[in-house]
Amino acid sequence: MTTLVTGGAGYIGSHTVRQLVNAGRDVVVFDSLELGHREALLGAELVVGNIANQDLIASVCKKYGITEVIHFAAYKSVGESMSNPGRYFSNNVTGSMLLVEALTHAGVDKIVFSSSASVYGTPAEVPVREDAPLHPESVYAETKYMTERMLHWFSETHGMRSVSLRYFNAAGDSFDSLIGEDWSVTTNLVPVVMKATLGKRDALEVFGNDYPTRDGTGIRDYIHVVDLADAHVKALDYLAEGKPTIACNVGTGTGTTVLEVIQATERISGRKVPYVMSPRRAGDPVEVYADPAFAAQTLGWKAQFSLDDIISTAWQWHSTHIDGYTK
Ligand code: WQD
């Protein structure tokens, strides 16, 4: 069995590729290298291309005997998606459709999809369960929702079974600091905190400290990227057992505030995090964290790592790779 990993040279993709290779599985990475890094692959087989190139996908499937796919390749900036919706619908939705159609024609019938908890929008209640109403509140989130629905119909019409993994807040880096996140392509909290603490950007802006939470700042479910990678391997195993198409939350089930992330960083790094209080960011929910029971029940997956693991691996990676992957 050979696994094709689209977007495998990216942050979560590269950590998943490493997990698959370490488990002795045959892997081929398919990445445009528009945002990913060849150095993050540690020598794994790479085909450079665009997921919309159906002829190339067909030839890769034939050449390597692809039997299953993990589909990470997508743009993921919520803010950018709202200023450039066409770029997001074209790459994330049309690109995914062309990819899945080519895979179906190549006889591939199992796919794990990199979805997002943002398909829930502002959740009606927390912890968030998979049967919560889906109402995306950004173009990015809409593209994830639309791709999940497209996968549902490819499952119904062509037997292309899938697991859509709805990530909560991916964070942290590899435990040996061999690979990690490229902070130049993200505005997410943890890499921004690291950058500010290392003096590589202005002080962190805390987007709101007047929320109805224990310390007034927003609450999210931060999940270690290695835990996320493990969830993808377990999702492939689930599909290999012939089980049906599902969507799963991938979170720890624990909510953490922005100030708690800052305090953990100060404790672990031994440095002060420079930050200022700023107004709330439009569109931010007060509190989002997962009910992880369904993933435990169906995939046999549960997060193993803590917030301290997230912060210590992030600090270890960013403080030793101040310029990320050297080009
Ligand atoms: C986390 C918390 C902010 C930055 C988004 C996407 C989601 C997923 C993860 C891709 C919030 C606060 C942040 C800063 C801050 N992306 N914050 N200052 O918005 O929860 O989720 O990224 O899959 O789909 O929606 O993540 O890291 O931007 O914010 O105070 O400079 O940190 O208000 O409470 P978010 P985030």
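As a reminder, the structure under discussion sits directly above these lines.
In this text, all values refer to a predicted model and were calculated from it rather than measured experimentally.

So, how was this worked out
Residues numbered from 1 in each chain as written. Predicted model: local features only at pLDDT ≥ 70, side-chain atom pairs only at ≥ 80, totals over all residues. Heavy atoms only, no water. Helix = DSSP H or I, 4+ residues; strand = E, 2+ residues; numbered from the N terminus. Rg over C-alpha atoms; globule rule 2.2 N^0.38 Å. Buried < 20%, exposed > 50% of the residue type's maximum accessible area, 1.4 Å probe, protein only. Contact = heavy atoms within 4.5 Å. Lys, Arg positive; Asp, Glu negative; His and termini not counted. Charge placed at Lys NZ, Arg CZ, Asp CG, Glu CD. Pairing = 2+ DSSP bridges. Axes fitted to C-alpha atoms, helices over the stretch in contact; angles between N-to-C directions. Near = heavy atom within 4 Å. Polar contact = N/O pair within 3.5 Å; in protein donor to acceptor, adjacent residues only side chain to side chain. Areas by Shrake-Rupley, 256 points an atom, 1.4 Å probe, with all protein chains shown as cover. Nonpolar A, V, L, I, M, F, W, Y, C, P; charged D, E, K, R; others polar. Domains from an automatic or database assignment. Salt bridge = Lys/Arg side-chain N within 4 Å of Asp/Glu carboxyl O. Phe/Tyr/Trp six-rings, centres within 6.5 Å; stacked < 30°, edge-to-face > 60°. Lys NZ or Arg CZ within 6 Å of the ring centre and 35° of its normal. Core = buried A, V, L, I, M, F, W, Y, C linked by side-chain atoms within 4.5 Å. Parallel < 35°, antiparallel > 145°, perpendicular 65-115°, else oblique. Left-handed = near helix turned anticlockwise from the far one by under 90°.

### Here we look at the overall build of the protein chain
Then, in step 1: When its secondary structure is counted, the protein chain shows 10 helices and 13 strands.
Then, in step 2: For 327 residues, the compact-globule formula gives about 20 Å, and the C-alpha radius of gyration of the protein chain, at 19 Å, lands near that figure.
Then, in step 3: C-alpha extents for the protein chain along the principal axes are approximately 55 × 45 × 40 Å.
Then, in step 4: In the protein chain, which comprises 327 residues, the proportion classed as buried is 54%.
Then, in step 5: Long-range pairs, those at least 24 residues apart, make up 79% of the contacts in the protein chain between residues at least 6 apart in sequence.
Then, in step 6: Both charge centroids of the protein chain, one from 27 positive and one from 38 negative side chains, sit 2 Å from each other.

### Overview of the sheet that holds strand β3 (residues 45-48)
Then, in step 1: Here 7 strands make up an open sheet; going across it, the order is β3-β2-β1-β4-β5-β6-β11 and the pairing parallel. In the strand order of this sheet, the two ends are held by β3 and β11 (246-250), each with one partner. Each strand axis lies, on average, 20 degrees off the axis of its neighbour in the sheet, ignoring direction.
Then, in step 2: By the bridge criterion, 3 bridges tie strand β4 (residues 66-71) to strand β5 (residues 110-116) in an arrangement that is parallel. Each residue of the ladder has a partner; that of H71, found in β5, is F113.
Then, in step 3: Of the strands in this sheet, β5, β6 (161-167) and β11 are in contact with helix α5 (residues 139-158), which crosses β5 at around 155 degrees.

### Here's the deal with the site of the ligand
Then, in step 1: Residues in contact with the ligand amount to 19 residues; listed here are only the nearest, Y140, L189, E205, R220 and D284.
Then, in step 2: S116 is positioned with one of its side-chain polar atoms (N or O) 2.8 Å from an oxygen atom of the ligand.
Then, in step 3: Relative to its free-state accessible area of 680 Å², the ligand is covered by the protein chains to the extent of 88%.
Then, in step 4: For the shell around the ligand, the elements supplying multiple residues, two or more each, are α6 (189-197) and β8 (204-207).
Then, in step 5: Sorting elements by how many residues they give to the shell around the ligand places β8 first, with 4 residues.
Then, in step 6: Its residues assigned to classes, the shell around the ligand shows 9 nonpolar, 6 polar and 4 charged.
Then, in step 7: Counting contributing residues per domain, the shell around the ligand is built from domain 1 (2-171 + 222-250) and domain 2 (183-221 + 254-290 + 306-320), each supplying no fewer than three.

### Topic: the pattern of salt bridges
Then, in step 1: Counted under the stated rule, the structure contains 16 salt bridges.
Then, in step 2: Between R25 and D237 there is a salt bridge, and its shortest N-O distance comes to 3.0 Å. One end of the pair, R25, is in the loop between α1 (11-22) and β2 (26-31); the other, D237, is in helix α7 (residues 225-240), with 212 residues separating them in the sequence.
Then, in step 3: Of the charged contacts in the structure, one is a salt bridge between R280 and D210, with a shortest N-O distance of 2.8 Å.

### Some thoughts on the packing of aromatic side chains
Then, in step 1: Scanning the model with the defined rule gives 3 aromatic pairs in all.
Then, in step 2: An angle of 55 degrees between the planes, with centres 5.6 Å apart, marks the rings of Y75 and Y88 as tilted. Of the two residues, Y75 sits in the loop between β4 and α3 (78-83) while Y88 sits in helix α4 (residues 85-105), which places them 13 residues apart along the sequence. Pair check on accessibility: Y75 and Y88 agree, each one buried.
Then, in step 3: For R87, the ring lying beneath its charged end belongs to Y75, and the centroid distance is 3.8 Å.

### Side note on the nonpolar core
Then, in step 1: With 35 residues, the main nonpolar core has I12, L165, L299 and W301 as its most contacted residues.
Then, in step 2: Of the residues forming this core, the biggest block, 9 residues, is contributed by α7.
Then, in step 3: Contact partners of L165, with chain neighbours within four places excluded, come to V112, F113, S114, S115, S116, A231, H232, A235, C248, V250 and L299.
Then, in step 4: Core analysis: the second largest hydrophobic core is formed by 23 residues, L4, I66, F113 and L151 among them.

### Here's the deal with the packing of α1 against α7
Then, in step 1: Here α1 crosses α7 at 60 degrees, and the two axes come no closer than 8 Å. Classed by the angle they form, the pair α1 and α7 counts as oblique. Remark: the crossing between α1 and α7 carries right-handed chirality. Between α1 and α7, the residues in contact are Y11, I12, H15, T16, Q19 and L20 and V225, V226, L228, A229, D230, H232, V233 and L236, respectively.

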